[in-house]
Amino acid sequence: MRSPPKPAAQNHKRSGGGSLFQFADQPTNPSNGQLAKFTTSGYMPSELGKTLTRAEACEHSPESTTVRCDGETRWLRRKDLIDTLYAELPPGAVKFGFQLESIKFDPYSSKPVLRFIDGSSIVAKVVIGCDGGKSIIAQFLGLKPTKIFPLCAVRGLTYYPNGHSYDYEFAKVMKDNISVGRVTIDDNLVYWFCFLPYIPKDEKVWEDPEVTRQLTLELLSNHPQEIHQEIHELIENADMKSLSITHMRYRAPWDLLTGSFCKGTVMVSGDAMHVMGPFLAQGGAAGIEDAVVLARIMAQLDLNSVESGSKVMAHKVEESFNQFVKQRRMRVVRLSLQTYIIGMLSGTPSFIKKVIYIMLLVVLFPNPYNHVNYDCGDL
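Residues numbered from 1 in each chain as written. Predicted model: local features only at pLDDT ≥ 70, side-chain atom pairs only at ≥ 80, totals over all residues. Heavy atoms only, no water.

This part takes up the packing of helix H8 (residues 311-347) against helix H9 (residues 351-364). It is the contact of H8 with H9, at a shortest axis distance of 9 Å, that shows an interaxial angle of 155°. In terms of their interaxial angle, H8 and H9 are classed as roughly antiparallel. Between H8 and H9 lies a crossing of left-handed hand. Contacts from Arg-334, Leu-337, Gln-338, Ile-341, Ile-342, Met-344 and Leu-345 in H8 reach Lys-354, Tyr-357, Ile-358, Leu-360, Leu-361 and Leu-364 in H9. (Axes fitted to C-alpha atoms, helices over the stretch in contact; angles between N-to-C directions. Helix = DSSP H or I, 4+ residues; strand = E, 2+ residues; numbered from the N terminus. Parallel < 35°, antiparallel > 145°, perpendicular 65-115°, else oblique. Left-handed = near helix turned anticlockwise from the far one by under 90°. Contact = heavy atoms within 4.5 Å.)

Turning next to helix H7 (residues 283-300). The terminal C-alpha atoms of H7, which comprises 18 residues, lie 26 Å apart, in line with the 26 Å expected from a rise of 1.5 Å per residue. Buried residues of H7: Ala-285, Ala-286, Glu-289, Asp-290, Val-292, Val-293, Leu-294, Arg-296 and Ile-297, and no others. Where H7 terminates, the next one or two residues include Asp-302, which has phi positive at roughly 55°. (Expected span 1.5 Å × (residues − 1). Buried < 20%, exposed > 50% of the residue type's maximum accessible area, 1.4 Å probe, protein only.)

The three strands lie next to each other as E6-E7-E8, forming an open sheet whose pairing is antiparallel. With one partner strand each, in any of the chains shown, strand E6 (100-105) and strand E8 (121-123) form the two edges of the open sheet. Looking at each pair of strands side by side, their axes are set apart by 15° on average, direction ignored. Note that strand E7 (residues 112-116) and E8 share three bridges and pair antiparallel. Bridging from a neighbouring strand, Val-113 pairs with Val-123 of E8. (Pairing = 2+ DSSP bridges.)

Applying the stated criterion across every chain, the model contains seven salt bridges. The partner of Lys-144 in a salt bridge is Asp-255, with the nearest N and O atoms 4.0 Å apart. In this pair, Lys-144 sits in the loop between helix H2 (136-140) and strand E10 (147-159) while Asp-255 sits in helix H5 (residues 253-258), placing the two residues 111 residues apart along the sequence. Linking Arg-328 and Glu-289 is a salt bridge whose minimum nitrogen-to-oxygen distance equals 3.0 Å. Taken together, the residues Arg-328 in helix H8 and Glu-289 in helix H7 connect sequence positions 39 residues apart. Each member of the pair, Arg-328 as well as Glu-289, is classed as buried. When salt bridges with common partners are traced through the structure, they connect Glu-289, Asp-290, Arg-328 and Arg-331 into a single cluster. (Salt bridge = Lys/Arg side-chain N within 4 Å of Asp/Glu carboxyl O.)

This next bit is on the sheet that holds strand E16 (residues 266-268). One open sheet accounts for three strands, arranged E9-E16-E15; its pairing is mixed. The sheet terminates laterally at strand E9 (127-129) and strand E15 (262-263), the two strands that pair on one side only. In terms of strand pairing, E9 meets E16 through three bridges, oriented parallel. Bridge pairing in E16 places Val-127 opposite Val-266.

This next bit is on the environment of Leu-303. Structurally, Leu-303 is set in the loop between H7 and H8. By relative accessible area, which is 15% here, Leu-303 ends up buried. Spatially, the C-alpha atoms of Leu-303 and Ala-314 are 9.7 Å apart, while their sequence positions differ by 11 residues. The contacts of Leu-303, once residues within four sequence positions are left out, are Met-298, Lys-316 and Val-317.

What describes a pair of aromatic rings is the distance from one ring centre to the other and the angle between the planes of the rings. By the definition in use, this model includes 11 aromatic pairs. For the ring pair Phe-98 and Phe-116, a centre distance of 5.5 Å and an interplane angle of 75° mean the geometry is edge-to-face. Highlighted residues: Phe-98 in the loop between helix H1 (78-87) and E6 and Phe-116 in strand E7, separated in sequence by 18 residues. Since its relative accessible area comes to 41%, Phe-98 is described here as partly exposed. Site record: aromatic cluster; members linked through ring pairs are Phe-149, Tyr-191, Phe-193, Phe-195, Tyr-250, Trp-254, Phe-279 and Tyr-340. Over the ring of Phe-140 we find Lys-263, and its NZ or CZ is 4.9 Å from the ring centre. Lying across the ring of Tyr-374, Arg-331 places its NZ or CZ 3.9 Å from the centre. (Phe/Tyr/Trp six-rings, centres within 6.5 Å; stacked < 30°, edge-to-face > 60°. Lys NZ or Arg CZ within 6 Å of the ring centre and 35° of its normal.)

Residues Phe-351, Ile-352, Val-355, Ile-356, Ile-358, Met-359, Leu-360, Val-362, Val-363 and Leu-364 make up a contiguous nonpolar surface patch of roughly 950 Å² in combined accessible area. By secondary structure assignment, the location of Met-359 is in helix H9. (Patch = residues over 30% accessible without salt bridge, like charges linked within 9 Å, V, L, I, M, F, W, Y side chains within 5 Å. Areas by Shrake-Rupley, 256 points an atom, 1.4 Å probe, with all protein chains shown as cover.)

On to the environment of Leu-151. Mapping Leu-151 onto the fold places it in strand E10. With relative accessibility at 2%, the residue Leu-151 sits in the buried group. A C-alpha to C-alpha distance of 9.7 Å links Leu-151 and Gly-277, two positions 126 residues apart in sequence. Setting aside residues no more than four positions away along its own chain, Leu-151 makes contact with Leu-196, Pro-197, Tyr-198, Thr-246, His-247, Met-248, Phe-279, Gly-343, Ser-346 and Gly-347.

All right, on to H9 then. Along its 14 residues, H9 runs 20 Å from first to last C-alpha, staying within 8% of the 20 Å computed at 1.5 Å per residue. In this structure Ser-350 caps H9, since a side-chain oxygen of it lies 3.4 Å from the backbone nitrogen of Ile-352. (Polar contact = N/O pair within 3.5 Å; in protein donor to acceptor, adjacent residues only side chain to side chain.)

Any functional reading would require information beyond the geometric quantities listed.
If you want it as structure tokens, here you go:
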């Protein structure tokens, strides 16, 4: 909950459906330095539920470089989502400030034992690791280490107490392998991001948000004047607590094909299972899909009627974990493969490699927006 707030986008009409702002990272990007705007019907609060017809969907206007797409998109801060989920849990169900150091199975009871850096430990009945791209649980399960894109992301939120003049849209510009974008969250809050080539520096340097801000402004100085002024204002007025710089990680798609994501009553989910680049805006949505699918499987196996801690319960939990992995594997493989190719396309300076990556996207993903229509089912 202490991490910088990052908005998550999800389709309001489906459980765990996809977002729509991923279009900017497809090979159909506008020419270098040209502003692209992506809007979706039903975005404004007064028009919730309105959708475009199939004939109107994905209509591209070269004059305005605007793409319209079928569906409704919502934006929210990750912290708001976490706080909402936390409020629904029983008092004392969540403990903060515990950093996991290791996990192992007890040789006598076969239950997982979690040890924390403060020396404390917990003997758990079930462990679902959602501990991010550097997951200790994933290491315990034998998953290969995550890899790193040749890009880093600077992200932040800018608050306008008296309101702003931006439309409800997603706008992005790319020049010299630097992508800049903004998204309006509500009448007062705007989210912005910059994808930059990775700059090797002492990690402690990035702990100072002012250093991050000044370096970002310096790197964006060569962008078109109109874009530079707009983004410059957003970055200058950003909430310093929201500023973050991240060297983006991913779990290789081929590792997802063969990886073992559960062992006994221990499993990984979310980024610990399938951390991916933000280029399709599906990382958070995929995590919510995980939760919906796992909850549905556990309900179908009627785990609530089984005595807690019994061998029958452990067996049913293992069965539910195996079913979960089976149902989710190919979905996250496809998402990860698409984000991997887009990330490599965005990060390479080689023209030949760019052509190869574009060809792969065209062949493997002829409909680059198909993941938006995914339905993980009812809860």
